[in-house]
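Coordinate analysis (summary)
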Amino acid sequence: MSIRLCLYGAVAVVLLIIILTMQDSSMTTYLSYIPDRNYIIQNVKSSVPEGKSVSLPMCSKTPENLRGKINISLEERKMEDIENDLDFIQPGGSFTPKNCSPVFNVAIMVAYRWRYPHLVVMLNNLHPMLARHNIHYRIFIINQNGNNTFNKGMLWNIGFTEALKLEQFDCIFLHDVDHLPEDDRNLYHCPPQPWHVAGAVDRFGYVNQWPGYVGGCLAMLTAHFKMVNGFSNRYWGWGGEDDDMHNRIVLANLGLIRLDTVESRMMTLQHSTNESGNEVNNVNFDLKMDSGGGMASGLSSLSSCKFEVTGVVEEKLYTNISVTLEMA
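So, how was this worked out
- Note that residues are indexed from 1 along each chain, following the sequence as it is written.
- In keeping with the model being predicted, local features are shown solely for residues with a pLDDT of at least 70 and side-chain atom pairs are shown and tallied solely at 80 or more, while totals for entire chains, interfaces and linings include all residues.
- Computation of side-chain values: all heavy atoms of the structure, hydrogens and water removed.
- Secondary structure elements are taken from DSSP: a helix is a run of H or I of four residues or more, a strand is a run of E of two residues or more, and numbering for both begins at the N terminus.
- Expected helix span is given by 1.5 Å per residue-to-residue step, counting one fewer step than there are residues.
- Accessibility here uses a 1.4 Å probe with only protein chains present; expressed as a share of the type maximum, an area under 20% marks a residue as buried, one over 50% as exposed, and anything in between as partly exposed.
- Contacts: residue pairs with any heavy atoms within 4.5 Å of one another.
- Should a side-chain nitrogen of Lys or Arg be within 4 Å of a carboxyl oxygen of Asp or Glu, the pair is scored as a salt bridge.
- Scored between 0 and 100, pLDDT is the confidence that the predictor attaches to each residue.
- By the criterion applied in these results, polar contacts are pairs of N or O atoms within 3.5 Å in which, for protein atoms, one can donate a hydrogen and the other can accept it, and in which residues neighboring in sequence qualify only through two side-chain atoms.
- In what follows, a disulfide is any cysteine sulfur pair within 2.5 Å.
- Here, the term nonpolar core denotes a set of buried Ala, Val, Leu, Ile, Met, Phe, Trp, Tyr and Cys residues that are joined through side-chain atoms within 4.5 Å.

**Details of helix α4 (residues 116-130)**
Taking 1.5 Å of rise per residue, the 15 residues of α4 would be expected to cover 21 Å, and the 21 Å separating its terminal C-alpha atoms lies within 8% of that figure. Of all 15 residues in α4, 12 are buried, a share of seventy percent or more. For α4, the full list of buried residues reads His-118, Leu-119, Val-120, Val-121, Met-122, Leu-123, Asn-124, Asn-125, Leu-126, His-127, Met-129 and Leu-130. Where the residues of α4 are buried, they touch α3 (79-85), β2 (105-112), β3 (136-144), β4 (171-175) and β5 (179-181).

This is how it looks when you write it as structure tokens:
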């Protein structure tokens, strides 16, 4: 009898510790997707950015200066005016907290061409929010030169490779230029599993309509992006590359996080589809049906692709990686 009481007592103590830990570490429901609050600290170790003192205390994973819902400005401001307002951003679009060591090193990567009005709006809204997240981050714009057909997947693979030559990042956010978070409590922190950040967007009524869709904004650990061999390089034109990435995530058995909270909502900026140079490509549908067979196409096959990195320039609010692509 006494042994049974001791066992019951031990179980009760363990449950109490779990409950107290959850209460202490979960600020609001927008962080509830993390299955183990210690997982990230154990498995993702942020390196200290150059010039950052290791003696500073670790930043909190629950920032104190968050504001909640963001008043998004859609004004197409002059870039120089935005640069003047955001004078706390370092060259290359980089930011590091001053009073603590960042919890993560994050690369924001945007595959881009001919969308300057959206770029200005994104930078104007995204930088102030990210600076409140207690992370070291850097925004990369991977800009496809010329008029050849757009290839978002290959651009992200090239951008990933070039970014890691400059810094070591714990994770990457593969970000469309026309997606903006509506709430700064949607923390751009590194997730333990691939996270479809744009799972609830305004144009779809904040409801995810396609289980296999991971477009708009996708966050992955650097190690996980390498594990799935990045994106396929085979998708020219509009459509298919994000569905292929979802299939890669499934085949790698990584799981997928998709939140359904008010804090996780995103706004999308209007633009037309089937644009010149990024037309809908019906071939892409057949390609994504053979994602397993196409896994060899990706980071490991970049050397066999026809492309040239024509420049890596640190602008004030972003690092511009200029790339010229040719279809094989």
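**A look at the pattern of salt bridges**
One pass over the full model with this rule turns up 11 salt bridges. The salt bridge partner of Arg-115 is Asp-178, with a shortest N-O separation of 2.9 Å. In this pair, Arg-115 sits in the loop between β2 and α4 while Asp-178 sits in the loop between β4 and β5, placing the two residues 63 residues apart along the sequence. Residue classification places Arg-115 among the buried positions, given a relative accessible area of 16%. Asp-178 sits in the buried class, given a relative accessible area of 5%. Its salt-bridge partner being Asp-183, residue Arg-185 comes within 2.8 Å of it at the nearest N-O pair. Judged by its relative accessible area of 25%, Arg-185 falls in the partly exposed class. One salt-bridge network, in which partners are shared between bridges, spans Arg-138, Glu-167 and Glu-314.

**Concerning the confidence of the model for the protein**
Looking at the protein, the pLDDT average stands at 83 and 76% of residues meet or exceed 70. Contacts for the low-pLDDT stretch residues 1-48, under 50 throughout, to residues beyond four places or in other chains number 44 contacts.

**Notes on helix α5 (residues 152-166)**
Structurally, the α-helix is built with 3.6 residues per turn, so residues lying three or four positions apart point the same way. Look at α5: 21 Å from first C-alpha to last across 15 residues, which is about the 21 Å you get at 1.5 Å a residue. Of all 15 residues that make up α5, 12 are buried, and the element is covered over most of its length. Within the sequence span of α5, burial applies to Lys-152, Gly-153, Met-154, Leu-155, Trp-156, Asn-157, Ile-158, Gly-159, Phe-160, Glu-162, Ala-163 and Leu-164. The distance from a side-chain oxygen at the start of α5 to the backbone nitrogen of Gly-153 is 3.4 Å, and the residue carrying that oxygen is Asn-151.

**Remarks on the state of the cysteines**
For the coordinates displayed, the defined rule picks out 2 disulfides. At a sulfur-sulfur separation of 1.9 Å, the disulfide partner of Cys-59 is Cys-100. A torsion of 90° about the S-S bond marks the disulfide between Cys-59 and Cys-100 as right-handed. With a gap of 41 residues between them, Cys-59 in the loop between α2 (39-43) and α3 and Cys-100 in the loop between β1 (94-95) and β2 connect regions that are remote in the sequence. Between the sulfur atoms of Cys-171 and its disulfide mate Cys-190 the distance is 2.2 Å. Disulfide Cys-171-Cys-190: the torsion about the S-S bond is -75°, which places it as left-handed.

**Side note on the environment of Ala-107**
With respect to the helices and strands, the residue Ala-107 is situated in strand β2. If sequence neighbours within four positions are ignored, Ala-107 has contacts with Arg-138, Phe-140, Phe-169, Cys-171, Ile-172 and Phe-173.

**Concerning the nonpolar core**
Core analysis: the largest hydrophobic core is formed by 47 residues, its most contacted members being Val-106, Met-122, Ile-139, Phe-173 and Tyr-188. For this core, the secondary structure elements donating two or more residues are α3, β2, α4, β3, β4 and β7 (217-221). Counting residues per element, this core draws most heavily on α4, at 8 residues. With sequence-adjacent residues up to four places away left out, Val-106 is seen in contact with Ile-135, His-136, Tyr-137, Arg-138, Phe-169, Cys-171, Phe-173, Tyr-188 and Cys-190.

**With respect to the side chain of Ser-232**
In this structure, Ser-232 sits in the loop between α6 (222-227) and α7 (241-251). A residue is classified by how much of its surface remains accessible, and Ser-232, at 1% relative accessible area, is buried. Separated by 3.1 Å, the side chain of Ser-232 and the backbone nitrogen of Arg-234 make a polar contact. With sequence-adjacent residues up to four places away left out, Ser-232 is seen in contact with Gly-153, Met-154, Asp-244, Arg-248 and Ser-297.

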